[in-house]
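Chain and residue survey
Listed below, chain by chain, are the residues.
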Amino acid sequence: MSESIRAAVATALIARFGPGAVIEEWGGSEQREWSWQFGFRVGGERGGEFIAKVPRWEEARTLEAAIAAGEQANTAAEYAGLVEIADAVASSGNPGLAAVEPVAFVGGVNTIVMRRLQGIPLRSRVGIVGGRGDVSVLFGRLGEWLALFHALAGGIERVVWNATAELERLRLIEGRLTEAKAAPFGLPQAFAGLREWVGRLEGADEPATQTHGDLNLSNVLVTSDDRVAVVDPNRSRGLALDDVARVITDIRLERRQLAVGGLLRRAATADDWERRMTFAAGYSGETLLPYRLALHTLQRWIDLEATVAGPARIGLFVGRRLLRSEMKRRLDAGRSTSA
């Protein structure tokens, strides 16, 4: 199966770059949560390191099934999205941003070919205390990337606060407590605080647009010259502040932080990163941003309670202190802004 993908990709490369673009090395498949990826090297003037990505989905749990299914509209749309992002970054003229270079969509084997972007995850730069180098600048650039990304595909529209939908979202999140088989101190109070908050937000609105869907520190790449790119978008129409809140929650409540009760870095450092990103993205004045941050904090807490098992649950005793503190801080901020 790998050979059929390699052959199809080789033909596409020659069509794109000319006869000198020959595959010199082809690596084995790496299985990810929603794809198989092949790393390979190409010779010639336009050569270098590339990736061939074959998406996985519920009905295609093996590589053979995914190839046999043939060209998929979702994969073609994903490739078109990569082209759109790359063109937008190039057109922006922003020297602090980078993008994956899409090379080809090989429909016969439902494969996306892209040049490998040389960089490390932002998570690797966000280390003990403040991280390596000027990390604040990187968060500002991530905010600039978000502003650019959210402006694509029809741009941003304002949507009115929907209390009914929010209460249903809270109900579904709370339902995961059944999986957790516990309701640690602080969680019931957090749900009560958010429900009260929902009732105070009538008349508010917020930005809706295409969202990344899985924005976290691992999906943000930093090049050797500190340009910022974002990979693996799972694009769908949604609330822009969910993208913002998801990555900020990852900053503050990543597992390393939880394991040491928040002692990995000073709160003031994370506050600065949060301000830089939200300001650069254009969302620092959004009325509903504090609520979205509180909601994603609660979601992270529930996810941990439901998924951490065995001896690792001992670590939750330390992490819960940070989770309670962060939840209280967000709720207190909400009370002051909506009073």
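What comes next concerns the included structure.

Calculation notes
Residues numbered from 1 in each chain as written. Predicted model: local features only at pLDDT ≥ 70, side-chain atom pairs only at ≥ 80, totals over all residues. Heavy atoms only, no water. Core = buried A, V, L, I, M, F, W, Y, C linked by side-chain atoms within 4.5 Å. Buried < 20%, exposed > 50% of the residue type's maximum accessible area, 1.4 Å probe, protein only. Helix = DSSP H or I, 4+ residues; strand = E, 2+ residues; numbered from the N terminus. Contact = heavy atoms within 4.5 Å. Phe/Tyr/Trp six-rings, centres within 6.5 Å; stacked < 30°, edge-to-face > 60°. Lys NZ or Arg CZ within 6 Å of the ring centre and 35° of its normal. Polar contact = N/O pair within 3.5 Å; in protein donor to acceptor, adjacent residues only side chain to side chain. Pairing = 2+ DSSP bridges. Salt bridge = Lys/Arg side-chain N within 4 Å of Asp/Glu carboxyl O. Expected span 1.5 Å × (residues − 1). Arc of directions from axis to C-beta.

1. Structural notes on the nonpolar core
Judged by nonpolar contacts, the single largest core of 63 residues is most densely connected at L122, F139, L194, Y291 and L298. No other element matches helix α12 (residues 289–307), which puts 9 residues into this core. Those residues in contact with Y291 that sit more than four places away from it in its chain are W161, E166, L170, L194, W197, V198 and L201. By size, the runner-up hydrophobic cluster in this structure holds 25 residues, among which are A21, W36, F38 and I67.

2. Quick notes on the packing of aromatic side chains
All chains considered together, the criterion is met by 9 aromatic pairs. Note on F40 and F50: the rings are 5.8 Å apart at their centroids and 20 degrees apart in plane angle, and the pair reads as stacked. Of this pair, F40 sits in strand β2 (residues 35–42) while F50 sits in strand β3 (residues 48–55); the two residues are 10 residues apart in sequence, bridging distant segments of the chain. With relative accessibility at 2%, the residue F40 sits in the buried group. Of note, R56 hangs over the ring of W36, and the distance from its end group to the ring centre comes to 5.2 Å. Lying across the ring of F317, R320 places its NZ or CZ 5.3 Å from the centre.

3. What about the side chain of Q210?
Note on placement: Q210 falls in strand β8 (residues 205–211). What makes Q210 buried here is its relative accessible area of 6%. A polar contact is formed between the side chain of Q210 and the backbone oxygen of F149, at a distance of 2.9 Å. In this structure the side chain of Q210 is engaged in a polar contact, spanning 2.9 Å, whose partner is the side chain of R235. Among all residues touching Q210, those that are not within four sequence positions of it are F149, H150, L152, A153, R235, S236 and R237.

4. Comments concerning the pairing of β2
The element β2 is extensively covered by neighbouring structure, given that 6 of its 8 residues are classed as buried. By the bridge criterion, 6 bridges tie strand β1 (residues 23–31) to β2 in an arrangement that is antiparallel. Paired with Q31 across the two strands is W36, which belongs to β2. Following β1, the chain reverses through 3 residues before pairing antiparallel with β2. Pairing of β2 with β3, which is carried by 8 bridges, proceeds in the antiparallel orientation.

5. Notes on the pattern of salt bridges
Taken as a whole and assessed by the stated rule, the structure comprises 33 salt bridges. A salt bridge links E49 to R41; the nearest nitrogen and oxygen atoms lie 2.4 Å apart. Given the relative accessible area of 25%, E49 is considered partly exposed. Across the pair D243 and R246 runs a salt bridge, and its minimum N-O distance is 3.7 Å. Of this pair, D243 and R246 are both found in helix α9 (residues 240–253), 3 residues apart, which corresponds to roughly one turn of the helix. Judged by its relative accessible area of 0%, D243 is buried. For R246, a relative accessible area of 25% translates into the label partly exposed. Look at the salt bridges and you will find they share partners, linking R123, D250, E254, R256, R265 and R300 into a network.

6. Points about helix α1 (residues 2–17)
Over its 16 residues, α1 extends 22 Å from the first C-alpha to the last, a length consistent with the 22 Å expected when each residue adds 1.5 Å. Among the residues of α1, those classed as buried are I5, V9, A12, L13 and F17. The arc that holds every buried residue of α1, seen down its axis, measures 110 degrees, which confines them to one face. Residues of α1 that are exposed and point over 90 degrees away from its buried face: E3, T11 and A15. Structurally, α1 contributes buried residues whose contacts are with β1, β2, β3, α2 (63–68), β4 (101–106) and β5 (111–115). A positive phi of about 105 degrees marks G18, the residue just after α1.

Function cannot be read off these values alone, since they describe shape.
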